[in-house]
Structures are given as C-alpha cells and as structure tokens.
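# Coordinate inspection notes
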Amino acid sequence: MTDSRLPSSASPAWPRRRFLRAGAASMLAPSLPLAALAADGKPAAAWPSRPVTVLVGFPGGSSPDLTARLLAERLREATGASFVVENRPGAAGNIAAAALARATDHHTISVMINGNMTIARMLNPQLTFDPLTAFAPIALVGTAPYVLATPAALAQGLDAAGWLAKARAEGSRWNYGSPGVGTVAHLGMELIKSRLGLAPVHVPYQGNPQALQALLAGEIQLSLLPPALALAQQKAGKVALIGITSAKANPLTGDLPTLQSLGAQGLDLEVWNAIAAPAGMPEAVQAQLRKITAEVLASAPVRQKLLEQGWVVGGAEGDTSADALRRRIAADTEALGAIIREQNIRIGG
C-alpha cells in the first residue's frame, strides 16, 4: 500500500503558506479598533467604538480645518472608524474649545491652535474652561514661524539691521497690524517691541488678509504674517521680509534670518496646531490615540501634505509627542502670559 502521508519535513508547508497569505491579507486591510488596557491591566472596550467627532474652532477652508480634514481621513484609514470634522467657529476658536472641555463621550477630540491651549483664560477670565487643566495633550501636529514684513518701499536700500534702526527712530509714528487683540501675532509683536526697542502702535484687524491689505496700502508699516502670505508678497515685490520669530532657520522660510540673530534675545515663537482631547478621556484611550496619531504623522505623504499647508511636522525637532506639546504649552504660556499681565490685555467679557 502506498503511504499517502506527506514526508514529515513537508507536512507544515501548506498550513505555513496559508498562514502567510492570511497575514499578508490582514496587512492590506484597514486596522480595526483595538482594545486598550484599563488601569488594572485588563482589556478595556475597543476604541473607537463609534464615530469620532473632530472639533475645529474655525470655518471650513481655514488652516486648522484643512489640517483636521487631512488627519481625519488618515485616522479613519488607520482605525477603520469614522472621524467626522465638525466646525464650530467663533471667539478665536474658544467656542469649539469649550465644547471639547465639556465632552464626556470619549469620542470627541479637536485640532487646536496655540491660544486655545495656553492663554485663552488669561485673556478672557470669563471663559468656562481653563486650557491648562481642561485638555489632554495628544500630539503636536505642526509649527510655523511668523515673518516680520514691511512695505518694500520702507526697506529700499536697507539691510535688516538698517531697517530696524529706521524703525526705532520712527518710534510710535509707525503702526503695526495684527489679526486681532490677543492673537499670537499681536502678542508676538509686543514681545518683539520689548526685545528690539521698537514702539509702533497696535492696529487690530479682522484677520491676516485684512492686515496684509493695510500693509500694502501703507496704512501700517509692519506686521507679523504667516510664511505663505509673506513669501507670496515678497515674490511680487510688494513687501520686504526682515526676519522670522523662531529661534532656528525654518524650511518654510528659506534663508531668512531669525529675529533672535538680529537682537531679539531669547525670542522663539511659532504658531502651532495640535490634537487635544478632554482631560476626562480615560488614560488608556489617550495612550491609544497618541499611538495611532504618531503613526499617522510619521507617514511621509502626510508630512508632505502638511508642509504644503504651511506646517513643519513636529517643529524643528520633528517631535510630535504629547511631551513635545506640553513643552510648547508651557513655553507659550510663560512668554505670552508675561506680556498679557504686563500690559493687562483682555478680550471679551
């Protein structure tokens, strides 16, 4: 009788091939919601177990909105769950921030900017939330410096040092514009004034586009602008760019000098956006969300998309961790809070 059994060395071949095919298929499929570990080390309920709301405090088409929609799509791909962007514009992002602080469903997160996570309560003590205790930092998404810009005619024939000397001599006869009282651009300019010995008078506008138009019309003589706006106008020959507010050179702004190198001692200020969750979200869920977000932000296509939107992922250090975000929160709260207290700046209420 012929022995129909396979040789012992071949017997595992079919199960092994079947296992490899199954493993390859699972790698191609979207990840399923994973079970987090509860505090006692036992598996907790899978998260997300329902659609996740991503709050944005600014209108559709704004920079935070574009970032949120990009990340929501990638988080959906990573988890297999829906991440739905919900715009709640108003009060410089604080309407959405207040909604995040109130959320208790463990399925609400937000893409936020500096002020909403740092100085919001200092500027408006009547806010219903304290950003330093209401939110759990999840990830630092991206950073960008501001660029100090002036009408091209005011810098003709001058280098940066020469222009700064002219600005000092003009004193309060010059005005500067910002996108509003209490914005990072407003407070950042006040920091620059104190560290470079400048004295232009603040003129608030409704947003960066309006401040830029005033600059081009000669109504103001300087302004801090986002890199995309500033570089486009420099290319058109309409503005001159003096320097950037970050402590290090930035890929968004090429070889522009830092204002710190021009004498603004210790100045290191950037606009940034981040992912935050309510402080009451369980630690196990926070940890899982941080892990998934870190993987998404490590993706080369995502990093390139964010760069095209005007963000350097994780800043100069490339660090998107919650700890990096905590350090940003602490640094901005200290630096901007000092200006707020010194000048008694308040909004709302």
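The structure presented is a predicted model; accordingly, all values stated were derived computationally and were not measured. (Residues numbered from 1 in each chain as written. Predicted model: local features only at pLDDT ≥ 70, side-chain atom pairs only at ≥ 80, totals over all residues. Heavy atoms only, no water.)

### Examining helix H9 (residues 208-216)
Listing the buried residues of H9 in full gives Asn208, Ala211, Leu212, Ala214 and Leu215. Taken around the axis of H9, the buried residues stretch over an arc of 160°, which confines them to a single face. Immediately beyond the C-terminal end of H9, within one or two residues, lies Gly218, with a positive phi of roughly 80°. (Buried < 20%, exposed > 50% of the residue type's maximum accessible area, 1.4 Å probe, protein only. Helix = DSSP H or I, 4+ residues; strand = E, 2+ residues; numbered from the N terminus. Arc of directions from axis to C-beta.)

### Observations concerning the sheet that holds strand S11 (residues 239-244)
Pairing is mixed in the open sheet, where five strands are placed in the order S9-S8-S10-S7-S11. Bordering the open sheet on either side are strand S9 (201-204) and S11, each of which pairs with just one other strand. Between one strand and the next, the sheet's axes are offset by a mean angle of 30°, whatever the strand orientation. In terms of strand pairing, strand S8 (residues 175-178) meets S9 through four bridges, oriented parallel. Directly across from Ser178, in S9, lies its bridge partner Pro204. Along the sheet face, helix H8 (residues 184-196) touches strand S7 (147-151), S8, S9 and strand S10 (222-225) and points at about 150° away from the line of S8. (Pairing = 2+ DSSP bridges. Axes fitted to C-alpha atoms, helices over the stretch in contact; angles between N-to-C directions. Contact = heavy atoms within 4.5 Å.)

### Concerning the packing of H8 against helix H13 (residues 322-343)
Here H8 crosses H13 at 80°, and the two axes come no closer than 10 Å. For the element pair H8 / H13, the angle class is roughly perpendicular. Contact with H8, carried on its side by Val184, Leu187, Gly188, Glu190 and Leu191, involves Ala335, Leu336, Ile339, Ile340 and Gln343 of H13 and no other residues of that element. Residue classes in the contact of H8 with H13 are distributed as seven nonpolar, two polar and one charged. (Parallel < 35°, antiparallel > 145°, perpendicular 65-115°, else oblique. Nonpolar A, V, L, I, M, F, W, Y, C, P; charged D, E, K, R; others polar.)

### Side note on the sheet that holds strand S13 (residues 312-313)
As summarised here, the arrangement of the six strands in space is S4-S3-S5-S12-S6-S13, forming an open sheet in which the pairing is mixed. Either end of the sheet is taken by a strand with one partner, and the two such strands are strand S4 (83-87) and S13. Running over the sheet, helix H3 (residues 94-102) touches strand S3 (52-56), strand S5 (108-113), strand S6 (135-145) and strand S12 (270-278) and is turned about 145° from S5.

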